[in-house]
Amino acid sequence: MKKLTLKDVLGSVNSFLLFFLTVGFIVSCCMMLFVSILADTMELTLTTDNIATAAKVTFGNVVLITFLFKFADYIRRKIMVERPTKIITEATEKIMSGDFSVRIPPMQNSGMEGFNQIAMAINQMAEELGSVETLRTDFIANVSHEMKTPLAVMQNYGTLLQAPDLSDEKRIEYAKGVTDSSRRMADMMTNILKLNRLENQQIYPQVSEFDLGEQLCECLLQYENVWEKAAIDIETDIAEDVKVKADAELLGHVWNNLFSNAFKFTPSGGTVTVSLSATEHHAVVKVRDTGCGMTPQVGAHIFEKFYQGDTSHSVQGNGLGLALVKRVIDIMQGEIGVESAVGVGTTFTVKIRRT
Ligand code: ADP
């Protein structure tokens, strides 16, 4: 807050004096005019002395009364204006310096509704900024944590690779370890960048009309090696000729993430079913698996960034896939839901608009 200087104080005293004297002078003149009209009407004779004394007394009285009112107003301003202003200013200064925990208590005096509204808005702003800050620090902590693991693996394999008499078999195994870890880091970075661009709306949907069934089949076929290796059965029930107007690339991210999760969380001998049905305005895609499933507690968090329910699969993921899926579906104003039971399987249902 600005400090009061002598110049400010003298300025205020000057303006106070000017105010009292002006009011005193004007009111005295009015009184004299009134008295002189009254004297004329009632045919009273007033001497110059009478008038001079009355003028002085009136002037003195008016100065005194205005002073008293001004003083009362000064106290009122101190309590009703300056004190809340000071509290609000101090709170905003704390927020500016990065302390988002500050909250302004409600002001009880009547006539403070305006200040209370400002205080409530500032409290809400501090709360929002606080949660953004928590998200930011969580995000940094998560990224650092997720990077540390593959980096440590790479370092270990790097050290092992330095051994002089390494068999070809070991050398290939260690080199593969380095490649896998670096691929995992690259995947994570790609996902972070995609998510960041999606969240900042730097990706504007490139809408075109395409056959959704064909897109689903193409995406699914990319996992042929995976399902054959894991002996997972594939079932499809894809309605024909379901055209949608959407961003094919963004939607491709959705199917890829759902399929890769279905294969990742389904053990050998399980089944992954993909179905597509459509109404006039909507298309509904279901990706069902007979995998490990998840508890309701896990299900409640799966769309959060970096959330991994089953950490035993953490080597193959980074918890960003479904956050990305959710963001894309939100951008497309669609819906995504999940039904899951531990040991039975999981079904993701995506509903998007066709036009
Ligand atoms: P990631 O797969 O990289 O761990 P995701 O964001 O794709 O990250 O998924 C978040 C979490 O949701 C997973 O860690 C897992 O616990 C749960 N999950 C997602 N899909 C399935 C599924 N099909 N079956 C069981 N759990 C799943």
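Residues numbered from 1 in each chain as written. Predicted model: local features only at pLDDT ≥ 70, side-chain atom pairs only at ≥ 80, totals over all residues. Heavy atoms only, no water.

(A) Geometry of the packing of helix α7 (residues 248-264) against helix α9 (residues 321-331). Running from amino to carboxyl end, α7 crosses α9 at an angle of 145°, the nearest separation of the two axes being 9 Å. By crossing handedness, the relation of α7 to α9 is classed as left-handed. Of the residues in α9, those touching α7 at L250, L251, H253, V254, N257, L258 and N261 are G321, L322, L324, V325, V328 and I329. (Axes fitted to C-alpha atoms, helices over the stretch in contact; angles between N-to-C directions. Helix = DSSP H or I, 4+ residues; strand = E, 2+ residues; numbered from the N terminus. Left-handed = near helix turned anticlockwise from the far one by under 90°. Contact = heavy atoms within 4.5 Å.)

(B) Up close: the side chain of N191. By the element assignment, N191 lies in helix α4 (residues 168-199). For N191, a relative accessible area of 13% translates into the label buried. (Buried < 20%, exposed > 50% of the residue type's maximum accessible area, 1.4 Å probe, protein only.)

(C) Structural context of the packing of aromatic side chains. Considering all chains together, one arrives at four aromatic pairs under this definition. The ring of F19 carries K70 above its face, with NZ or CZ at 5.0 Å from the centroid. (Phe/Tyr/Trp six-rings, centres within 6.5 Å; stacked < 30°, edge-to-face > 60°. Lys NZ or Arg CZ within 6 Å of the ring centre and 35° of its normal.)

(D) The arrangement of the site of the ligand in detail. Around the ligand, the surrounding shell holds 19 residues, and the nearest of these are N261, K264, D289, N318 and L322. With respect to the ligand, the backbone of G319 contributes an N or O atom lying 3.0 Å from an oxygen atom. At 3.4 Å from an oxygen atom of the ligand is found a main-chain nitrogen or oxygen belonging to G321. Alone, the ligand offers 530 Å² of accessible surface; in the complex the protein occludes 97% of this. Those elements that place two or more of their residues in the shell around the ligand are α7, α9 and β7 (345-353). When the residues that make up the shell around the ligand are grouped by side-chain class, the tally is seven nonpolar, nine polar and three charged. (Near = heavy atom within 4 Å. Polar contact = N/O pair within 3.5 Å; in protein donor to acceptor, adjacent residues only side chain to side chain. Areas by Shrake-Rupley, 256 points an atom, 1.4 Å probe, with all protein chains shown as cover. Nonpolar A, V, L, I, M, F, W, Y, C, P; charged D, E, K, R; others polar.)

(E) Representation of the pairing of strand β6 (residues 335-341). Bridging between β6 and β7 involves seven bridges; their strand directions are antiparallel. Bridging across to β7, S340 finds its partner in T346. Between β6 and β7, which pair antiparallel in sequence order, lie three residues; one of them, G343, sits at a positive phi of approximately 80°. (Pairing = 2+ DSSP bridges.)

(F) Main features of the sheet that holds strand β5 (residues 282-289). Reading across from one edge, β2-β4-β5-β7-β6 is the order of the five strands in this open sheet, with mixed pairing throughout. Each edge of the open sheet is held by one strand with a lone partner, namely β2 (233-238) and β6. On average, each strand axis in the sheet is inclined to that of its neighbour by 10°, with strand direction left out of account. Packing of α9 onto the sheet brings it into contact with β6 and β7, and relative to β6 it is tilted by some 145°.

(G) Summary view of the nonpolar core. L212, L251, V254, W255 and F259 are the most contacted members of the largest nonpolar core, which has 47 residues in total. Taken together, the elements giving at least two residues each to this core come down to α4, α5 (212-221), β3 (243-247), α7, β4 (271-278), β5, α9 and β7. Broken down by element, the residue count for this core peaks at eight residues, all from α7. Setting aside anything within four residues of it in sequence, one finds V254 in contact with V325, V328, I329 and V350. (Core = buried A, V, L, I, M, F, W, Y, C linked by side-chain atoms within 4.5 Å.)

(H) Up close: the environment of L135. In this fold, L135 is placed in helix α3 (residues 113-161). Residues L135 and M32 lie 103 residues apart in sequence; the distance between their C-alpha atoms is 73 Å.

(I) Here's a closer look at a nonpolar patch on the surface. On the surface, V27, M31, F34, V35, L38, M42, L44, L46 and I51 cluster together into a nonpolar patch covering about 750 Å² of accessible area. Here the element with the most residues in the nonpolar patch is helix α1 (residues 6-42); it accounts for six residues. (Patch = residues over 30% accessible without salt bridge, like charges linked within 9 Å, V, L, I, M, F, W, Y side chains within 5 Å. Salt bridge = Lys/Arg side-chain N within 4 Å of Asp/Glu carboxyl O.)

(J) Spotlight on the environment of Y223. Following the sequence through the fold, Y223 ends up in the loop between α5 and α6 (224-229). Residue classification places Y223 among the buried residues on the basis of a relative accessible area of 14%. Residues Y223 and N109, 114 residues apart in the sequence, show an inter-C-alpha distance of 68 Å. If we ignore the near neighbours within four places in the chain, the residues touching Y223 are N256, F259, S260 and F263.

(K) How the structure looks around α9. In terms of burial, α9 is a largely internal element, nine of the 11 residues being buried. Turning to α9, its buried residues are G321, L322, A323, L324, V325, R327, V328, I329 and I331. In this structure, the buried residues of α9 make contact with α4, α7, β6 and β7. Positive backbone phi, approximately 55°, marks Q333, located one or two places after α9.

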